[in-house]
Amino acid sequence: MNPHFDFKIVVAGPFAAGKTTMIAASADGPLVGTEAPTSGGEAAVKATTTVGMEYGTLAVASDSFSVELNLYGVPGQERFSFMWDIVGVGMDGLFLLVDADRPETWATSATMAAHFGALSSTPVVVGVNRASTRPEVVEQVRHAVPVPGARYIGFEVIDPQDARNALLELLLHMLEQMNDEPAAQTSVQVATP
Ligand SMILES: Nc1nc2c(ncn2[C@@H]2O[C@H](COP(=O)(O)OP(=O)(O)OP(=O)(O)O)[C@@H](O)[C@H]2O)c(=O)[nH]1
Ligand SMILES: [Mg+2]
């Protein structure tokens, strides 16, 4: 029987970057969420915001092992930032979201990367939402949100296939770091596409 691994991935990023949308799109089942109505200026951006933590899972298979990715979303709003420390305990990888269309939020993405980087030196993928066909924006983000050792990808959080592939990129990054060798030959796919 193939070995099985459980990994904890934290999905972080500024308010309205698309964290909840990404976990809902990529998880195997419905996510466990903590949405509440937005208030103040945020209400003009969207109707609800994550106030606690959200959780979903994604099963991944390969020829030689199986993996359960446990996806934990954190609130983007600074006033809930104490949750970042709580949710970050024991994380194996960080997926940091950046919104390609709101460069005014990029500094907040960088702040969050530094916050989680201080908690743990796990592998990081910086996912640039709304940038699957805009490599030039991904390059801009690479400079504006510098995260040592991170991989940068452009994708769409609302596209389940795209969101899952982005998470698989982080998984490969994590496996490489575990084995200290390139995982280019490792083929992983979602267990139930
Ligand atoms: N059309 C479109 N809408 C998007 C895309 N990405 C995000 N959205 C929308 O942008 C909003 C993102 O909201 P959430 O997923 O709640 O963002 P979040 O990062 O979880 O926000 P907080 O938890 O409140 O910090 C939602 O209204 C999404 O439907 C995209 O690529 N295309
Ligand atoms: Mg959310």
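Structure's up top.
Given the structure is predicted, the values throughout are model-derived calculations rather than measurements. (Residues numbered from 1 in each chain as written. Chains lettered and ligands numbered in written order. Predicted model: local features only at pLDDT ≥ 70, side-chain atom pairs only at ≥ 80, totals over all residues. Heavy atoms only, no water.)

**Student:** Would you explain the coordination of the magnesium ion (ligand 2) in this entry?
**Tutor:** Taken together, the protein ligands of the magnesium ion (ligand 2) are T20 (OG1) and T50 (OG1), with distances of 2.0 to 2.1 Å. You can see T20 sitting in helix α1 (residues 19-26) and its partner T50 sitting in strand β3 (residues 48-50), a full 30 residues away along the chain. Judged by relative accessible area, T50 falls into the buried class, the value being 5%. (Donors = N, O, S within 2.8 Å, 3.2 Å for Na, K, Ca; no water. Helix = DSSP H or I, 4+ residues; strand = E, 2+ residues; numbered from the N terminus. Buried < 20%, exposed > 50% of the residue type's maximum accessible area, 1.4 Å probe, protein only.)

**Student:** I keep staring at the side chain of T50 and nothing clicks. Help me out?
**Tutor:** At 2.5 Å, the side chain of T50 forms a polar contact with the side chain of E35. Polar side-chain contacts of T50 include one of 3.4 Å to the side chain of E54. If near-sequence neighbours (up to four positions away) are discounted, T50 is found in contact with T20, T34, E35, P75 and F80. (Polar contact = N/O pair within 3.5 Å; in protein donor to acceptor, adjacent residues only side chain to side chain. Contact = heavy atoms within 4.5 Å.)

**Student:** Would you take a moment to explain the sheet that holds strand β1 (residues 4-12) for this structure?
**Tutor:** The strands making up a sheet associate through backbone hydrogen bonding, with each pair oriented either parallel or antiparallel. Ordered by their spatial adjacency, 7 strands build an open sheet running β8-β7-β6-β1-β5-β4-β9, and the pairing between neighbours is mixed. Whereas interior strands pair on both sides, the edge strands pair on one side only; in this sheet they are β8 (151-155) and β9 (189-190). In this structure, strand β7 (residues 124-129) lies alongside β8, joined through 5 bridges in parallel fashion. Each residue of the ladder has a partner; that of G127, found in β8, is I153. Lying over the sheet, helix α3 (residues 106-119) contacts β1 and β6 (93-99), oriented at roughly 170 degrees with respect to β6. Along the sheet, helix α4 (residues 135-144) contacts β6, β7 and β8; its crossing angle with β8, the most-contacted strand, is approximately 145 degrees. (Pairing = 2+ DSSP bridges. Axes fitted to C-alpha atoms, helices over the stretch in contact; angles between N-to-C directions.)

**Student:** What's the story with the nonpolar core in this structure? I'm lost.
**Tutor:** Proteins that are soluble and globular tend to have nonpolar side chains buried together. The biggest cluster of nonpolar side chains holds 30 residues, and the ones touching the most others in it are I9, M22, L69, F95 and L171. Counting residues per element, the ones that place at least two in this core are β1, α1, β4 (54-61), β5 (66-73), β6, β8 and α5 (160-179). Top contributing element to this core by residue count: α5, with 9 residues. Each residue touching L69, except ones within four places of it in the same chain, is listed here: F7, I9, G56, T57, L58, V60, L167 and L171. With 27 residues, the next largest nonpolar core counts W84, L94, V124 and Y152 among its residues. (Core = buried A, V, L, I, M, F, W, Y, C linked by side-chain atoms within 4.5 Å.)

**Student:** Explain the site of ligand 1 to me, please; I cannot follow it from the model alone.
**Tutor:** If you check the shell around ligand 1, you find 17 residues, and the closest are G18, K19, T21, K46 and T49. In this structure, K46 approaches ligand 1 through a side-chain N or O atom, which is 2.8 Å from an oxygen atom. Within the contact set of ligand 1, an oxygen atom lies 2.5 Å away from a side-chain nitrogen or oxygen of T49. In the complex, 75% of the free accessible area of ligand 1, which totals 650 Å², lies under the protein chains. Secondary structure elements with two or more residues in the shell around ligand 1: α1 and β3. By residue number, the principal contributor to the shell around ligand 1 is α1, which donates 3 residues. Of the residues in the shell around ligand 1, the class split is 6 nonpolar, 7 polar and 4 charged. (Near = heavy atom within 4 Å. Areas by Shrake-Rupley, 256 points an atom, 1.4 Å probe, with all protein chains shown as cover. Nonpolar A, V, L, I, M, F, W, Y, C, P; charged D, E, K, R; others polar.)

Just geometry here; none of it tells us what the structure is for.
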